[in-house]
Amino acid sequence: MIVYRLDKSVIVHIGLGLIGSAIYKELILSHKAKEFYTQTLNWGDTESCCKIIDQTFTVILNQSKSLEDIELKIVWSAGKVGFLSTQSDIDHEFNSFKSICDSIFRSIEKLNFRSSCFFLLSSAGGLFEGMKCVNKRTEPLPKRPYGHLKLQQEKYLELHEGLFHSIEIYRVSSVFSLNSKFGRRGLINSIINNTRLLKTTKIFGHPSTQRDYIWDKDVAKLIAGDICSKCKNGVFKYILASGIPITIFEIIISLERLLGKSISLNYQFSKSNSEDITFQKSSVRKAQYGTEIDFLLKRAIINNAI
Amino acid sequence: MKFILSTVTPVYQGEKYLHQLVDALERLKKNLEKEFTNLELAECIFVVDDAKDNSYKVLTELADKYDWVNVLELSRNFGQHPATVAGILHSSGDWIFTLDEDLQHNPENILPLLKSCLVNNCDVMFALAKKEVHSSIIRDKFSLAFKRLVGFLSSNPYVPVFSSFRCMRGSIARAAAASNSIDTYFDVSLTWFTTKIGSMKMDIVDFRNQEGNSSSGYSLWSLIRHGKRLILSSKLKFLRIFFLFGILAFLFSLAFSCQLLFQLFNGTEIEIKGWASTIISIYFFGGVSCLLLGVLVESLSEILLKIKGKPSFLIVDRSRDKSLLKTIEEK
């Protein structure tokens, strides 16, 4: 967890994983936010996390001349579970989310900030799995515990909308990152690296499965831009995707052309991971740069060669 | 589970017809919503290929009005096939229909085309005109004759039925589109992925011709380029004749040599000095050259097709077709 100061805003940022760290870089480098308090949250011990949150607000109170001038912004980009997580993992994560949020809500009720906003990172893939041409009117229909968790988190936050000037929920599509240090390499990085090493890549899906890939940097730029803007009024839900569906087959063809060699693949047709998830272009909130897939693939190849 | 339909329309000079086309698509969309719970026309993609008129402006206004209208603008004129490929690569539909911009292809025919595809267990169905479409009969006849010739020379029986009004299985269409490189004829690339291709006769009318405006987007030069693209995307199997001729010539030279040697050993005098050896040499070296040329042409053909994007294989899922056909037939 990091707390930053930016002009008249105090940003409490929880979760520095794949997207969280990209948002962090964006806030620090592009928006010149200054971090003034950092703590490590132990997700196994919810009680200590809540204590840390209480301490954090004490620090904010001590460091600020007057809270009435401060816009408080909470950014939640934390999450350990994934598509294949079990119900017990999901329950644990939701309990942690609920407890920490309750600590935050209590502090906001006690203290008198000028305004407060909550930015929640959700998952378009989890909410709309197996659905095509998803638009603004499409109701989420999660199929697995992970998707249900994301919906639960959104609904829990909306129950407390009275505490916030605005709640902005980002339903992010499949994120592609060139940075592989966060455990999972991702499909594209794995294929490139394995091809370089003349290995076969296992793909859990069908070649014609369609997904919508978005670059983590594009996501971070968009969200950081919102964080650094004035608080809006209301609850806003955005689908962050490119609006351009792409199949695994297309990625393979493009990579083979760019790499100049055949790619060896082993498809594992697991129905659970072969579902299409695509979005109507008019309904997505396009990231600032809308980076084209070919550019991303070339960057990925260079990145994996280094 | 819902079945999603997409349409793709390349646009070059469709300003006069786009409103009517979108109205027709909207009627189809509403009818599908009314009659089917699990079949939806979810997106209509228009690809503006450096249009000569105000097509882009018209389409952006329509896209503002209808969220299912999606407009792509190409950076310059690339041609109908590349525009179609671009549209297909931006689609999500389980089934994709390509339509012309000028109402030649009535959206009301989309469902019958799909049904025909499913009933005949096809992945691709081309709609063919019952009568001549264009103002120029010569153009229609020449086009058909040219396609038949290329079909014969490439041993591809589907070439004569290629048309721009298509119903395609989404996964096949997207795979074919992804495999396309510059100058690949899209319909030929479809045949790389499936042989389940059919055709259906329909009423197709050229409204431009009816209104007395018979100028099409194709000049003679662009038609020639179109034809060149078709030839270069097809493997011209007749070129194997070089190989065959080479073998025959080589075998003839060997046979003739044997016959001459036999005559020599028998003491028979050869009447014209030097003729036999000249002929043998010509057939021998000519045969070997043709053989090598045949091998070279065959290899180049494979390399060219690889460059064009021909893949080794594609896996397809046809398991939901029966369910979709049942849905359509019940109404």
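The structure this text deals with has already been given above.
Being a predicted model, the structure only gives us computed values, none of them experimental.

**Quick word on the state of the cysteines**
Residues and elements named next belong to chain A.
(1) Moving on: Going through the model one piece at a time under the given rule, you end up with one disulfide over all chains.
(2) Moving on: Between the sulfur atoms of C117 and its disulfide partner C231 the distance amounts to 1.6 Å. Residue C117 is found in strand β5 (residues 115–123), and its partner C231 is found in the loop between α7 (216–227) and β11 (234–240); the two are separated by 114 residues along the sequence.
(3) Moving on: Taking relative accessible area as the criterion, C231 reaches 17% and is therefore assigned buried.
(4) Moving on: Of all cysteine sulfurs in the structure, the one in C50 sits closest to C49, which takes part in no disulfide; the separation is 6.7 Å.
(5) Moving on: By relative accessible area, C49 is classed as buried at 1%.
(6) Moving on: For C50, a relative accessible area of 13% puts it in the buried group.

**Points about the pattern of salt bridges**
(1) Moving on: Taken as a whole and assessed by the stated rule, the structure comprises 22 salt bridges over all chains.
(2) Moving on: E154(A) is the salt-bridge partner of R171(A), the closest N and O atoms lying 2.7 Å from each other. Pair noted here: R171(A) is in strand β6 (residues 166–172) and E154(A) is in helix α5 (residues 145–159), with a separation of 17 residues, a long-range link.
(3) Moving on: Residue classification places R171(A) among the buried positions, given a relative accessible area of 8%.
(4) Moving on: Among the ionic pairs, K57(B) bridges to E61(B), the shortest N-O distance being 3.6 Å. Within this pair, K57(B) and its partner E61(B) are both found in helix α2 (residues 55–65), separated by four residues, close to a single helical turn.
(5) Moving on: The network of salt bridges with shared partners includes K132(A), D276(A), D94(B) and R320(B).

**Quick word on the packing of helix α3 (residues 80–89) of chain B against helix α6 (residues 170–179) of chain B**
A pair of packed helices is captured by two measures, namely the crossing angle of their axes and the spacing between those axes.
Residue and element names in this part refer to chain B.
(1) Moving on: Between α3 and α6, whose axes approach to 9 Å, the crossing angle comes to 125 degrees. Considering the angle they form, α3 stands oblique to α6. Handedness of the crossing formed by α3 with α6: left-handed. In contact with V85, I88 and L89 of α3, α6 contributes A173, R174, A177 and A178.
(2) Moving on: When grouped by side-chain class, the residues that make up the contact of α3 with α6 number six nonpolar, no polar and one charged.

**Considerations on the interface of chain A and chain B**
(1) Moving on: The interface of chain A with chain B comprises 22 residues on the first partner and 29 residues on the second.
(2) Moving on: Summed over the shared surface of chain A and chain B, the result is two salt bridges.
(3) Moving on: Our count for the chain A to chain B interface comes out at nine residue pairs in polar contact (both at pLDDT 80 or more).
(4) Moving on: Take the side of chain A that touches chain B: its biggest share by element is four residues, from helix α8 (residues 248–259) of chain A.
(5) Moving on: When its residues are assigned to classes, the side of chain A that touches chain B shows eight nonpolar, eight polar and six charged.

**Side note on unusual backbone geometry**
(1) Moving on: Positive phi outside glycine occurs at L198(A), with the angle close to 60 degrees.
(2) Moving on: Residue L103(B) is not a glycine yet carries a positive backbone phi of 65 degrees.
(3) Moving on: Tracing the backbone shows L103(B) in the loop between β4 (95–98) and α4 (110–119).

**Side note on the pairing of strand β1 (residues 3–11) of chain B**
A regular strand places its side chains on the two faces of the sheet in alternate fashion.
Residue and element names in this part refer to chain B.
(1) Moving on: Within β1, nine of the nine residues are buried, which leaves the element mostly enclosed by the surrounding structure.
(2) Moving on: Neither face of β1 is exposed, since F3, L5, T7, T9 and V11 on one face and I4, S6, V8 and P10 on the opposite face are all buried.
(3) Moving on: By the bridge criterion, nine bridges tie β1 to strand β2 (residues 39–48) in an arrangement that is parallel. Residue pairing across strands places F3 opposite L39, the latter belonging to β2.
(4) Moving on: Taken together, β1, helix α1 (residues 18–35) and β2 form a β-α-β motif whose crossover is right-handed.

**Observations concerning the side chain of E26(A)**
Residues and elements named next belong to chain A.
(1) Moving on: Positionally, E26 belongs in helix α1 (residues 18–30).
(2) Moving on: Side chain to side chain, E26 and S30 meet in a polar contact 2.9 Å long.
(3) Moving on: Not counting the four nearest positions on each side in its chain, E26 is found in contact with H31, A220, K221 and A224.

**Comments concerning the packing of α8(A) against α6(B)**
(1) Moving on: Contact geometry for α8(A) and α6(B): axes closest at 9 Å, N-to-C directions at 10 degrees. Considering their axes alone, α8(A) and α6(B) lie roughly parallel with respect to each other. For the pair α8(A) and α6(B), contact is made by F249(A), E250(A), I253(A) and R257(A) and by R174(B), A175(B), A178(B) and S179(B), respectively.
(2) Moving on: Its residues assigned to classes, the contact of α8(A) with α6(B) comprises four nonpolar, one polar and three charged.

**Overview of the packing of aromatic side chains**
(1) Moving on: If you walk through the whole model with that rule in mind, you get 22 aromatic pairs over all chains.
(2) Moving on: Centroid distance F97(A) to Y156(A): 6.5 Å. Interplanar angle 70 degrees. Geometry classified as edge-to-face. Here F97(A), found in helix α3 (residues 87–110), pairs with Y156(A), found in helix α5; they are 59 residues apart in sequence, far enough to count as distant.
(3) Moving on: Overall, F97(A) belongs to the buried group, its relative accessible area being 0%.
(4) Moving on: Consider the rings of F252(B) and F256(B), whose centres lie 5.9 Å apart with planes at 15 degrees: the pair is stacked. Of this pair, F252(B) and F256(B) both sit in helix α10 (residues 241–266), separated by four residues, roughly a single helical turn.
(5) Moving on: Among the residues examined, F256(B) registers a relative accessible area of 15% and is labelled buried.
(6) Moving on: For R76(B), the ring lying beneath its charged end belongs to F78(B), and the centroid distance is 4.6 Å.

The rules behind these values
- Residues numbered from 1 in each chain as written.
- Chains lettered and ligands numbered in written order.
- Predicted model: local features only at pLDDT ≥ 70, side-chain atom pairs only at ≥ 80, totals over all residues.
- Heavy atoms only, no water.
- Disulfide = S-S within 2.5 Å.
- Helix = DSSP H or I, 4+ residues; strand = E, 2+ residues; numbered from the N terminus.
- Buried < 20%, exposed > 50% of the residue type's maximum accessible area, 1.4 Å probe, protein only.
- Salt bridge = Lys/Arg side-chain N within 4 Å of Asp/Glu carboxyl O.
- Axes fitted to C-alpha atoms, helices over the stretch in contact; angles between N-to-C directions.
- Parallel < 35°, antiparallel > 145°, perpendicular 65-115°, else oblique.
- Left-handed = near helix turned anticlockwise from the far one by under 90°.
- Contact = heavy atoms within 4.5 Å.
- Nonpolar A, V, L, I, M, F, W, Y, C, P; charged D, E, K, R; others polar.
- Polar contact = N/O pair within 3.5 Å; in protein donor to acceptor, adjacent residues only side chain to side chain.
- Pairing = 2+ DSSP bridges.
- Right-handed = clockwise from strand over helix to strand, strands pointing away.
- Phe/Tyr/Trp six-rings, centres within 6.5 Å; stacked < 30°, edge-to-face > 60°.
- Lys NZ or Arg CZ within 6 Å of the ring centre and 35° of its normal.

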